[in-house]
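# Chain and residue survey
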Amino acid sequence: MKKLLPLLLALLLIVGLSACGDNGDGDAQGGRELDFETVQLAFIHVGDPADMGYTYRQHRGTTDMMAELGIGEDQVMNFFNRAPGDVPTAILESIEWGADLIFGTSFAFESHMLEAAQEHPDIQFFHATGNQAKASGLDNMHNYFGNMSQARFLSGIAAGLRTETNVLGFVAAHPFAEVITGYTAFYLGALSVNPDVTMYVMYTNQWNDPTLEQQAAQALIDRGADVIGQHADSTATQTAAEANGVWSVGYNNDMIPAAPSAVLTSPMFDWSIYLTYAVRSVVEGSSVQPDFLAGLAEGMVLLSPLNPNTVTPDAEGYIESARAALLAGKNVFTGPIYDNEGNQLLADGEEFIEPLAAPSWAYIIQGITIIE
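Residues numbered from 1 in each chain as written. Predicted model: local features only at pLDDT ≥ 70, side-chain atom pairs only at ≥ 80, totals over all residues. Heavy atoms only, no water.

### Concerning the packing of aromatic side chains
Evaluated as defined, the whole model comprises 23 aromatic pairs. Geometrically, the ring pair formed by Tyr 54 and Trp 271 is edge-to-face, given 6.3 Å between the ring centres and 85° between the ring planes. With Tyr 54 in helix H2 (residues 54–69) and Trp 271 in the loop between strand E12 (267–269) and helix H10 (272–284), this pair connects stretches of sequence that are 217 residues apart. Judged by relative accessible area, which is 9%, Tyr 54 ranks as buried. Seen from the ring of Tyr 251, Arg 152 lies directly overhead, with NZ or CZ sitting 3.7 Å from the centre. In this arrangement the basic side chain of Arg 223 is found over the ring face of Tyr 200, its NZ or CZ atom lying 5.4 Å from the centre. (Phe/Tyr/Trp six-rings, centres within 6.5 Å; stacked < 30°, edge-to-face > 60°. Helix = DSSP H or I, 4+ residues; strand = E, 2+ residues; numbered from the N terminus. Buried < 20%, exposed > 50% of the residue type's maximum accessible area, 1.4 Å probe, protein only. Lys NZ or Arg CZ within 6 Å of the ring centre and 35° of its normal.)

### Structural notes on the sheet that holds strand E9 (residues 198–203)
If you trace the five strands from one edge of the open sheet to the other, you get E11-E10-E8-E9-E17, paired in parallel fashion. Because the sheet does not close on itself, it has two edges, and the strands there are strand E11 (247–248) and strand E17 (368–371). Taken together, the four bridges between E9 and E17 define a ladder with parallel strand orientation. Within E17, the position partnered with Val 201 by the bridge is Ile 370. Running at roughly 165° to strand E8 (residues 167–172), helix H8 (residues 210–222) makes contact with E8, E9 and strand E10 (227–231) of the sheet. (Pairing = 2+ DSSP bridges. Contact = heavy atoms within 4.5 Å. Axes fitted to C-alpha atoms, helices over the stretch in contact; angles between N-to-C directions.)

### Some thoughts on the packing of H8 against helix H9 (residues 236–243)
Put simply, H8 and H9 touch, their axes get as near as 8 Å, and they point 40° apart. On the basis of their axis angle, the class for H8 and H9 is oblique. The way H8 lies across H9 gives a crossing that is right-handed. In this structure, H8 contributes Pro 210, Glu 213, Gln 214, Ala 217 and Ile 221 to the contact, and H9 contributes Ala 236, Thr 237, Ala 240 and Ala 241. Per-class residue counts for the contact of H8 with H9 are six nonpolar, two polar and one charged. (Parallel < 35°, antiparallel > 145°, perpendicular 65-115°, else oblique. Left-handed = near helix turned anticlockwise from the far one by under 90°. Nonpolar A, V, L, I, M, F, W, Y, C, P; charged D, E, K, R; others polar.)

In short, geometric facts, not functional conclusions.
If you want it as structure tokens, here you go:
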């Protein structure tokens with residue numbers, strides 16, 4: 001019996017550990033097993049769905065993911081209209097509620113997300129538009145974004161064909177690389193079909209301020225721009241264009257209903273592509289990439305339907321040809337590209353390759369003028 005006793009104790013220990021381990025139905029998260037009926041998700045947003053732009057589209061991604069995975073409304077907590085300084089409190093409330101995965105959807109949230117990920121290794125954190133997750137080395141911190149340059153380029157083609165003054169305008173939120181990358185891709189798309197086109201850009205220094213967006217759009221129109229694009233959250237740019245009898249290109253959401261006589265099309269994200277991947281991976285116990293990027297091929301970015309009442313008759317053909325080239329591997333940022341002083345930024349055939357999912361092109365190229 002003395003010889004058998006250690007063996008029996010060892011067997012009991014193995015059985016006990018097996019009972020506490022993963023049963024194969026889900027990943028152990030915070031000391032409990034996860035499945036699609038019990039996993040709890042928190043989302044922290046800079047705006048709210050009423051903007052009919054960025055946050056609307058983010059939230060649409062959430063609801064589409066929930067429908068795809070069978071996740072109930074009682075399993076999701078949303079925080080809307082949160083400034084960066086509000087994020088630590090929202091994270092704490094999410095954890096107290098029982099969140100297994102926490103998503104932050106604004107660039108300025110990242111430092112708070114990183115700090116929380118360090119302090120709570122049993123919770124998975126996901127940050128849209130950021131760039132620090134990969135370097136952090138944290139297994140529970142992730143960045144994600146869509147290759148919006150591809151959809152921006154396509155929408156720029158519609159603008160370049162439509163303009164009659166050969167002057168475009170662009171209402172931009174902040175002078176950040178994400179925004180600069182986007183309006184540069186938009187302009188390059190226009191330039192690909194109209195070598196005479198130029199573009200003015202005005203910053204509002206706010207992600208969502210309909211009053212400032214309307215004022216910037218008006219100032220650009222007063223400078224002669226007859227097609228106005230945007231990287232801002234509301235539909236104010238579109239309605240300003242319609243009020244002035246010019247054309248526009250929306251962002252984040254199909255904005256034709258907001259300005260049916262002005263909007264040509266809108267580049268958009270489908271955030272559900274990533275959210276479904278991330279939630280499914282965690283629940284099923286698979287690893288999630290620390291830095292995730294997907295584009296047209298994966299459906300993460302897309303162009304809303306063209307407005308038959310505003311686009312030129314040849315727009316669809318040009319856009320479909322360009323789409324095929326992008327799907328075949330064409331890089332939007334391919335030289336030669338110069339700045340306004342004539343300095344070569346990319347040589348003929350040279351490509352700019354993004355190092356991470358977050359856009360990082362920050363040069364002002366020839367043909368674009370920033371209006372202070």
